[in-house]
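These are the residues of each chain, in order.
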Amino acid sequence: MNVLITGGAGFIGTRLARALLLEGDSVTFLDNFSPQVHGSNTQLPVDLQTSVRLIRGDVRDESIWASALPGHQVIVHLAAETGTGQSMYEVAKYEQVNLAGTALLYDRLAKQPGHGIERIVVASSRAIYGEGAYTCSSHGMIFPQPRASAEKKAGLFDPLCPICAAPCTSVPTPETAPFQPSSFYGLTKQVQEQMSLLFGEVLGIPSVAMRYQNVYGPGQSLKNPYTGILAIFSNLARVGAEINIFEDGEESRDFVYIDDVVRATVAAIQSPDTTSFAVNVGSNERTTVMQVAQAVNRYFGEKSNIHISGAFREGDIRHGVADLNRARDVLAYQPSVQFEHGLHNFLAWAEESEPELKGYERSLDEMRQRGLLHGCI
Ligand SMILES: NC(=O)c1ccc[n+]([C@@H]2O[C@H](COP(=O)([O-])OP(=O)(O)OC[C@H]3O[C@@H](n4cnc5c(N)ncnc54)[C@H](O)[C@@H]3O)[C@@H](O)[C@H]2O)c1
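Not measured: the values here are computed from a predicted model.

Let's hear about unusual backbone geometry: which residues, and what values?
One non-glycine residue, glutamate 247, lies in the positive phi region at around 55°. Inspection of the secondary structure assignment puts glutamate 247 in the loop between β11 (243-245) and β12 (252-257). The residue asparagine 284 is not glycine, and still its phi comes out positive at about 65°. Position of asparagine 284 relative to the elements: it lies in the loop between β13 (277-281) and β14 (286-288).

Following this line, the structure appears as structure tokens:
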């Protein structure tokens, strides 16, 4: 197969390309080497420089799609702006890259009968769920609305049952959960996913929306200060700088290792299923932010003080863990890498690069100035 990966030069794209090349596929990247992700490095990793065809271009450029699409059977659409917090003030940029960029893809496909595209895999996100699934002892499975700032300011971080306001417990979120994004990033991912599934049906192109959880591993951007808690904590822990934790540190995420994500994505590309669907891709393992900070700090010799700030950012969710039943059924997907092992691999890789510290402070200042970061850190 000839596979076009938009955003291919990024974290997931490069690892996916290596797996596809091993399968005997041909791979093309469409990527603008966004400076926020790549810094001043505008080259592919050496092992991909001759094996991948590279189109340097922007998904917001209508003409780039006309030249990029011919000759491919599969599109994996990964190019996106990815910062949850940043999306709350760089609203137009997120709309243009994530939504208008995707619309241009479908515009081109709709106007070009005989385009030859047989399958599209699009990167969705767990962010579309917002707070996700909980259980209430009286009301069973419930889906709390985004948390109110006033409650978080009062230190009440856990969502309550939307029906009886009783405390409730976070449980793995299935794909049947409603869309309730807490951030504009999540909203763009929701619409991007819906666009792909809609046009998948209309244009007869089976499409799969991958609802990735928090993906981590060697190769993730250490430069992008707007996303990637592991990258941020490892940059701080290496130089012994204080690690400030939002809320009370008990917020949790489903960290899924890059190799598991690549296996699931390859399975989606190769799926014989001719329908279009969305599927969670995670580890089903719940890890608190405090546990992450402690593990990263331990690896680097416990040089950093870990400070629980009580501060919070608009757009962040409290807990997230994926229900993987559908992924098992439709993609035969089972996560294989435990967080402890994957974290070790990531940190061993990260310590080979220079730590990047300046951008993170700037990203916090940007949110503070716009009233999107509350409390002192
Ligand atoms: N990494 C995660 O934890 C995670 C979780 C959920 C969803 N996702 C989604 O998966 C996809 C890939 O994520 P990633 O972690 O590899 O991100 P990444 O930032 O490492 O890679 C994104 C790539 O897209 C490129 N890009 C950005 N804007 C572009 C534009 N306008 N035109 C062309 N290329 C552009 C960047 O240069 C970069 O190479 C994204 O759509 C992201 O929203 C990622």
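Okay, back to it.
Account for the site of the ligand, naming residues and giving values.
The environment of the ligand is made up of 27 residues, and the closest members are Gly7, Gly10, Phe11, Ala80 and Ala123. Elements supplying a minimum of two residues to the shell around the ligand: α1 (11-22), α2 (35-38), α4 (91-111), β5 (119-125) and β10 (214-216). Among the elements that take part in the shell around the ligand, α1 stands out by supplying three residues, more than any other. Among the residues making up the shell around the ligand, the classes are represented as 13 nonpolar, 11 polar and three charged.

Summarise the environment of phenylalanine 312; cite the residues concerned and give the values.
Position of phenylalanine 312 among the secondary structure elements: in strand β16 (residues 312-313). Under the C-beta neighbour-count criterion, phenylalanine 312 is labelled buried, with 23 such atoms within 10 Å. For the pair phenylalanine 312 and isoleucine 377, spaced 65 residues apart in sequence, the C-alpha separation works out to 9.3 Å.

Residue-level account of the environment of valine 330, with values.
By the secondary structure assignment, valine 330 is in helix α10 (residues 325-331). Separated by 109 residues in the primary sequence, valine 330 and serine 221 place their C-alpha atoms 30 Å from one another. Setting aside its immediate chain neighbours within four residues, valine 330 contacts Asp273, Phe277 and Val279.

Can you break down the packing of helix α7 (residues 229-238) against helix α9 (residues 289-299) residue by residue, with the values?
Remark: α7 packs on α9, axes separated minimally by 9 Å, with the N-to-C direction vectors making an angle of 40°. In terms of orientation, α7 lies oblique with respect to α9. For the pair α7 and α9, the sense of crossing is right-handed. For the pair α7 and α9, contact is made by Ile229, Leu230, Phe233, Ser234 and Ala237 and by Val289, Val292, Ala293, Val296 and Asn297, respectively. Its residues assigned to classes, the contact of α7 with α9 shows eight nonpolar, two polar and no charged.

I'd like a rundown of the pairing of strand β9 (residues 207-212), residues and numbers included.
Where burial is concerned, most of β9 is hidden: six out of the six residues are buried. Burial along β9 is two-sided: Ser207, Ala209 and Arg211 facing one way and Val208, Met210 and Tyr212 facing the other are all buried. As judged from the six bridges shared by β5 and β9, these two strands associate in the parallel manner. Residue pairing across strands places isoleucine 120 opposite serine 207, the latter belonging to β9.

A description of the sheet that holds β9 should follow, citing residues and the corresponding values.
The strand order across the open sheet built from seven strands is β3-β2-β1-β4-β5-β9-β13, with neighbouring strands paired in parallel fashion. Since the sheet does not close on itself, it has two edges, and those belong to β3 (52-56) and β13, each with one partner. Averaged over all adjacent pairs, the angle separating strand axes in this sheet is 20°, with direction ignored. The pairing of strand β1 (residues 2-6) with strand β4 (residues 74-77) spans four bridges and is classified as parallel. Considered in β4, the bridge of leucine 4 is made with isoleucine 75. Across the sheet, helix α6 (residues 184-203) lies against β5, β9 and β13, angled at about 160° from β5, the strand it touches most.

For the sheet that holds strand β6 (residues 134-136), give the residues involved together with the corresponding values.
Within a sheet, adjacent strands bond to each other through the backbone by hydrogen bonds, running parallel or antiparallel. An order of β7-β6-β8 is seen for the three strands of this open sheet, with the pairing classed as antiparallel. The sheet terminates laterally at β7 (140-142) and β8 (169-170), the two strands that pair on one side only. Strand direction decides the pairing type here: β6 and β7, joined by three bridges, are antiparallel. Its bridge partner being in β7, tyrosine 134 is matched across the sheet by isoleucine 142.

Tell me about the nonpolar core, and name the residues and values.
Judged by nonpolar contacts, the single largest core of 90 residues is most densely connected at Ile5, Val76, Met210, Phe233, Val261 and Val281. Looking at which element gives the most residues to this core, the answer is helix α8 (residues 258-270), with seven residues. Those residues within four positions of methionine 210 in sequence are excluded, and the remaining contacts are Val121, Ala123, Ser124, Ala264, Thr265, Ala268, Val279 and Val281.

Tell me about the packing of α4 against α6, residues and numbers included.
The contact between α4 and α6 brings their axes to 10 Å, and the two run at 5°. The angle between α4 and α6 places the two elements in the roughly parallel class. Listed contacts from α6 to Val91, Tyr94, Glu95, Asn98, Leu99, Thr102, Ala103, Tyr106, Leu109 and Ala110 of α4 are Phe184, Tyr185, Thr188, Val191, Gln192, Met195, Phe199 and Leu203. Among the residues making up the contact of α4 with α6, the classes are represented as 13 nonpolar, four polar and one charged.

Summarise α1; cite the residues concerned and give the values.
With 12 residues, α1 extends 18 Å between its outermost C-alpha atoms, agreeing within 8% with the 16 Å of an ideal straight helix rising 1.5 Å per residue. Residues of α1 that are buried include every one of Phe11, Ile12, Gly13, Thr14, Arg15, Leu16, Ala17 and Leu20, and no others. On its buried face, α1 is in contact with β1, β2 (26-31), β3, β4, β10 and α8. Of the residues one or two after α1, glycine 24 is the one with positive phi, at around 95°.

Analysis parameters
- Residues numbered from 1 in each chain as written.
- Predicted model: local features only at pLDDT ≥ 70, side-chain atom pairs only at ≥ 80, totals over all residues.
- Helix = DSSP H or I, 4+ residues; strand = E, 2+ residues; numbered from the N terminus.
- Near = placed C-beta within 6 Å.
- Nonpolar A, V, L, I, M, F, W, Y, C, P; charged D, E, K, R; others polar.
- Buried ≥ 20, exposed ≤ 12 C-beta atoms within 10 Å, placed from the backbone.
- Contact = placed C-beta atoms within 7 Å.
- Axes fitted to C-alpha atoms, helices over the stretch in contact; angles between N-to-C directions.
- Parallel < 35°, antiparallel > 145°, perpendicular 65-115°, else oblique.
- Left-handed = near helix turned anticlockwise from the far one by under 90°.
- Pairing = 2+ DSSP bridges.
- Core = buried A, V, L, I, M, F, W, Y, C linked by C-beta atoms within 7 Å.
- Expected span 1.5 Å × (residues − 1).

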